[in-house]
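Report on the structure
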Amino acid sequence: MFVEKSPFLPLFNEQGELYGVFLSADLWQELLPKVRPVLEQYLAPKKRVHEEPMLDWEQLKQYWDFHYPVNYEVACEHCGSGTEDWEKDTPRLFRLLVCNLGGYVRFECQHCKSVITKRHFKKHIETTCKPCPEESDSKK
Ligand SMILES: [Zn+2]
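I will try to describe carefully the structure that is included in this document. Owing to the predicted nature of the structure, the values given are computational and were not obtained by experimental measurement.

Further remarks concern the overall build of the chain. Per the secondary structure count, the chain includes four helices and eight strands. Each helix (α) and strand (β) of the chain, taken in turn from the N terminus, gives the series α-β-β-α-α-β-β-β-β-β-β-α. Taken across its 140 residues, the chain has 10% of its residues classed as buried. Once local pairs closer than 6 in sequence are excluded, the contacts in the chain between residues at least 24 apart make up 32%.

Rendered as structure tokens:
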């Protein structure tokens, strides 16, 4: 069959467009270890990693007009995780979710997925910690 001439065969639809390639078993066996990572990535459910709004955070620091220095501390009341400088942790213990110039900053605890909100006021910071919505739902 075709395999003797060529180890692969392009397949075309009626419009003459390529819609697939038929590979011989031998070629497939040889290719599989190489294409496996690509296949796994292709088949994996698309996970959109939320980009941290670092530019907003840089802006907030730039226009910082609160009566205290920039505060890098984040602590999770839910699981006890904490850091003195969330920006410096590698990997991050807390991911920045939201940040605006008004001083509203939200983090996600990477350990338990709780959401930590820091509201910056002129003279103080108000911090709240909400357990992950999915986790608190499952407890009901
Ligand atoms: Zn936590």
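Nonpolar side chains in soluble globular proteins tend to be buried together. Core analysis: the largest hydrophobic core is formed by eleven residues, namely Leu60, Val74, Cys76, Trp86, Phe94, Leu96, Cys99, Val105, Phe107, Cys109 and Ile116. For this core, the secondary-structure elements that each account for two or more residues are strand E5 (94–99) and strand E6 (104–109). Sequence-distant contacts of Val74, that is, excluding residues within four places in its chain, are made with Gly82, Thr83, Trp86, Phe94, Phe107 and Ile116.

Relative to the elements of secondary structure, Lys122 occurs in the loop between strand E7 (115–120) and strand E8 (125–130). Put simply, Lys122 and Phe66 are 56 residues apart on the chain and 4.7 Å apart in space, counted from C-alpha to C-alpha.

Okay, the pairing of strand E2 (residues 18–23) next. By the criterion of burial, E2 is predominantly exposed, with just zero of the six residues buried. The pairing of strand E1 (residues 8–12) with E2 spans five bridges and is antiparallel. Paired with Phe12 across the bridge in E2 is Leu18. Taking the residues that link successive antiparallel strands as the turn, the E1-E2 hairpin has five residues, and the phi of Gly16 there is positive, at about 80°.

What follows deals with unusual backbone geometry. Pro91 follows Thr90 through a cis peptide bond whose omega is -10°. Looking at the element boundaries, Pro91 is found in the loop between strand E4 (82–83) and E5. In the Ramachandran plot, Lys113 falls in the positive-phi region, its phi being about 70° despite a non-glycine side chain. Structurally, Lys113 is set in the loop between E6 and E7. Note on Lys113: 16 C-beta atoms within 10 Å, which makes it partly exposed.

Criteria and thresholds
- Residues numbered from 1 in each chain as written.
- Predicted model: local features only at pLDDT ≥ 70, side-chain atom pairs only at ≥ 80, totals over all residues.
- Helix = DSSP H or I, 4+ residues; strand = E, 2+ residues; numbered from the N terminus.
- Buried ≥ 20, exposed ≤ 12 C-beta atoms within 10 Å, placed from the backbone.
- Contact = placed C-beta atoms within 7 Å.
- Core = buried A, V, L, I, M, F, W, Y, C linked by C-beta atoms within 7 Å.
- Pairing = 2+ DSSP bridges.

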